[in-house]
Amino acid sequence: MNLPDLKKAKIRSLNQVEYKVQDYAFTRMFEGKKYFLRTYGCQMNEHDSEEMKGILEYYGMTPCEDLESADVILLNTCAIRENAHDKVFGYLGRIKHLKKEKPNVIVGIGGCMSQEESIVEEIRKRHPYVNFVFGTHNIHELGRLLIEASGDAHQDIEVYSKEGEVYEGVMYKRDSHITAWVNIIYGCDKFCTYCIVPYTRGKERSRKMKEIVKEVMDLKEQGYQEVTLLGQNVNAYGRDFKDGTEFSDLLEEVAKTGIPRVRFVTSHPWNFTDKMIDIIAKYENIMPYIHLPLQSGSSRILRLMGRRYTKEEYLSLFEKMKERIPNVSITTDIIVGFPGETESDFEETLDVVEKCKFDGAYTFIFSPREGTPAAKMKDETPLEEKEKRLQRLNERINLYSKESNEKLLNKVVPVLILGISEKDESKVYGYTDTMKLVNVEAPVDTIGEIISVKITDAKSFSLDGEQVKE
Ligand code: 5AD
Ligand code: SF4
């Protein structure tokens, strides 16, 4: 039994990061069994789920789409906001009933919520039917936990609150044969005052460049068209090596592999260097798309958030990107209702939105996370007011994302086709270089290819188009 500890999770020592090779214990005891895995949250979690699937399928298990047919149920959880918590506990209600009918079903909970003290307490007290809880640092122990759970009714909690290591040799069962996630840096040391991530994911630690480039080369050889380099904060890449390595160096090496498309998420506006902008502009296979979280347009609130930039600094970085990277599209994240946010602070946010006219944005109401400094800050704005602000913000955001989509009308753009369109089965769908979703009139055999598409209609969240042959 190892319980999470928020105080330990906060520690950032000068200890060297340990580089290890993943070693998965093998067993045949799950052959022919079915697993159900549900993932909440960000791309990092999606990619962690690909590791979980890799392990389960290594043991001979196959996925299933419904809870009722599963022998193993895993929830890979998210801790970023309260609603993620509610969703998971809502789901556990269903699992509890199922467990009464099928007591041999193994239930495991992993991901960021598992790293929270109060959540684990709640699971221990109210959800004894959960077989085991594991965290973000020990996904590789999933096999051992499963083996132990199948012969034992005791609940096991194995969560480590530590700075973390870097593992190579991870077995992924990737969801796509066309696009792939590639971890480049784990953890976060920014400690923005509202954010739980530095506590759930440990300190910033980069994978070695040669391992990343090798992974991308392998993916390219397998026919992958696109990689997305993943990190909570990709521009911190390489700084822990203390040898002058920067994210721009890695980006250049990855671009040189010649894989058709390179993307990266997420970038922090702080220390987004000129060199990074130049490299993005220089290589055709680095996509002209940057997700650049703003969080707030008020310098006062940004300071309370611990974001390390002002409104003016954000705006000048934004302008620089627009000037130097041809055709770049920029999206953002914004939080409304941070403790102490006044109407005039909120208007500063609207002002930045007005100036930047983002291609898109994810917008959130501040959600206090236990253990973070912002959770203890005085917050007098009623929820109703925060909801109104969110609505006002979303109206603006949607207007500008529609406007930016409309600029593509009648233009021919490159689209990487990923599959059959969910909206219309006679169409396929894909993404432009600028990360805009397009439903395309084109044959099914274009899936996996980058094709030229003429845009025929533009909405707030998607485009329609037809293939043009050049
Ligand atoms: N409350 C609301 N939104 C949050 N985010 C992170 N923490 C919180 C929180 N406590 C948002 C930020 C971040 C995105 C991934 O989630 O905007 O960029
Ligand atoms: Fe959270 Fe800030 Fe780190 Fe992003 S940079 S994960 S918002 S602490």
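For the structure, check the block above.
Summarised in this report is the structure supplied together with it. Here the structure is a predicted model, which is why all the values come from computation and not from measurement.

Right, let's get into the sheet that holds strand β20 (residues 450-458). Sheet architecture is closed into a barrel: five strands sit in the order β17-β18-β19-β21-β20, paired in mixed fashion. Mean inter-strand twist for the sheet, computed between neighbouring axes without regard to direction, equals 50°. Bridge analysis of β20 against strand β21 (residues 463-467) gives five bridges, and the strand direction is antiparallel. Looking across to β21, one finds that Ala 458 is bridged to Leu 463.

Here we take up helix α12 (residues 343-356). Over its 14 residues, α12 extends 20 Å from the first C-alpha to the last, a length consistent with the 20 Å expected when each residue adds 1.5 Å. For α12, the full list of buried residues reads Asp 345, Phe 346, Thr 349, Leu 350, Val 352, Val 353 and Cys 356. When α12 is viewed along its axis, its buried side chains cluster within an angular range of 155° and face the same direction. Looking at the buried positions of α12, the neighbouring elements they touch are α10 (299-305), α11 (311-324), β15 (329-336) and α13 (383-406). Note on α12: the residue one or two positions beyond its end, Lys 357, has a positive phi of about 45°.

Here α11 spans 20 Å end to end across 14 residues, near enough to the 20 Å set by a 1.5 Å rise per residue. If you check which residues of α11 are buried, you get Lys 311, Tyr 314, Leu 315, Leu 317, Phe 318 and Met 321. The arc that holds every buried residue of α11, seen down its axis, measures 165°, which confines them to one face. Residues Glu 312 and Glu 323 are exposed on α11 and point more than 90 degrees away from its buried face. Where α11 is buried, its residues contact α9 (274-282), β14 (289-291), α10, β15 and α12.

Another point: the site of ligand 2. Surveying the vicinity of ligand 2 reveals the residues Cys 188, Lys 190, Phe 191, Cys 192, Tyr 194, Cys 195, Val 197, Pro 198, Gln 232, His 268 and Arg 307. Here the shell around ligand 2 is built from residues that sort into seven nonpolar, two polar and two charged.

On the secondary structure map, Ser 462 appears in the loop between β20 and β21. By relative accessible area, which is 4% here, Ser 462 ends up buried. For the pair Ser 462 and Ser 401, spaced 61 residues apart in sequence, the C-alpha separation works out to 9.5 Å.

Let us look at a nonpolar patch on the surface. The grouping of Ile 420, Val 444 and Ile 447 at the surface amounts to a nonpolar patch, some 220 Å² of accessible area in total. Counting through the fold element by element, Val 444 comes out in the loop between β19 (437-441) and β20.

Conventions adopted
Residues numbered from 1 in each chain as written. Chains lettered and ligands numbered in written order. Predicted model: local features only at pLDDT ≥ 70, side-chain atom pairs only at ≥ 80, totals over all residues. Heavy atoms only, no water. Pairing = 2+ DSSP bridges. Helix = DSSP H or I, 4+ residues; strand = E, 2+ residues; numbered from the N terminus. Axes fitted to C-alpha atoms, helices over the stretch in contact; angles between N-to-C directions. Expected span 1.5 Å × (residues − 1). Buried < 20%, exposed > 50% of the residue type's maximum accessible area, 1.4 Å probe, protein only. Arc of directions from axis to C-beta. Contact = heavy atoms within 4.5 Å. Near = heavy atom within 4 Å. Nonpolar A, V, L, I, M, F, W, Y, C, P; charged D, E, K, R; others polar. Patch = residues over 30% accessible without salt bridge, like charges linked within 9 Å, V, L, I, M, F, W, Y side chains within 5 Å. Areas by Shrake-Rupley, 256 points an atom, 1.4 Å probe, with all protein chains shown as cover. Salt bridge = Lys/Arg side-chain N within 4 Å of Asp/Glu carboxyl O.

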